[in-house]
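Residues per chain are reported as follows:
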Amino acid sequence: ETALHAYNNLGMVIPWEEQEKALDYFKKGFELAKKVGAIRWISWNGTTMASLNIGMGNIDKAVLLAEGSVAVDRKAGNMPNLSRSLWTLGVVYFIWGEWDKSEQYLKEALGLSQKLERFTQIAWISAYLGILYGPIKGEYPKARELLEKAVETLERAGAKFDQMLASVFLIWIYIELGKLHEADDLLNSVHKFALEIKDKWFIAMAEALRGMQFRAQKKWEESIEHFEKSLQGYEFI
């Protein structure tokens, strides 16, 4: 149990630009969990590896890992882990463009998270549903409502990092709705926070959002400048 916690914690503290190293720690934890029959950790590490593989572009692997975690949790009746694995599977299908499957798993994860009163999960699942209903389905007012509730929930919980991260999605929706003043205010807060914590991924994301904002204002040169900064940041990572 101590070793499983250690592998997980080591994987969690690895910087964004060393994701393969992080993945290696989670793989070791995953193999150890299977060896000793630690069902909770099999699911937890499988779900985490699925998330990492999404970011690394290995969607086929991510689907298999997330589906495996969901199957393990359903069989074991592990409801706390099931809400997380369903959420991750919903995100995998979201990235893959399987919108109906994504909505199905995200809604199931949301219902379970609400029963368990897991407020951070509720906020994040709502955020992904917001993006699904916004840019994907074009239901922007519904998306705005979901994302504003998500950000508000995370702010009340004192989860500053998650609050700012969910705000990234909300800014996107504000820009699409033409609410550029609201987008600018929130983006200034996100950009300031990104610089304060010196998180390379966050900074790159903030630059991309600034590019979107200038694009909406038809300020093409400024838009390109910020998109290029964002691209450089992602390539570095």
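Values in this document were obtained by computation on a predicted structure and should not be read as measured data.

Moving on to the confidence of the model for the protein. Parts of the model with low pLDDT should not have their predicted coordinates read in detail. Here the protein averages 92 in pLDDT, and 100% of its residues register 70 or above. Mean pLDDT across the secondary structure elements of the protein bottoms out at helix H7 (residues 119-136), with 89, and peaks at helix H12 (residues 220-236), with 96.

What follows concerns the environment of Asp24. Within the secondary structure, Asp24 is located in helix H2 (residues 19-36). Asp24 gets classed as partly exposed once you look at its relative accessible area, which sits at 35%. Between the C-alpha atoms of Asp24 and Leu65, which are 41 residues apart in sequence, the distance is 15 Å.

Here the focus is unusual backbone geometry. Positive phi is not limited to glycine here, since Lys198 has a value of about 55 degrees. Position of Lys198 among the secondary structure elements: in the loop between helix H10 (180-197) and helix H11 (200-216). One non-glycine residue with positive phi stands out, namely Lys218, at about 60 degrees.

With respect to the helices, strands and loops of the structure, Ser230 is situated in helix H12. Among residues more than four places away in sequence, those in contact with Ser230 are Ala204, Glu207 and Ala208.

Conventions and cut-offs
Residues numbered from 1 in each chain as written. Predicted model: local features only at pLDDT ≥ 70, side-chain atom pairs only at ≥ 80, totals over all residues. Heavy atoms only, no water. pLDDT = per-residue confidence, 0-100. Helix = DSSP H or I, 4+ residues; strand = E, 2+ residues; numbered from the N terminus. Buried < 20%, exposed > 50% of the residue type's maximum accessible area, 1.4 Å probe, protein only. Contact = heavy atoms within 4.5 Å.

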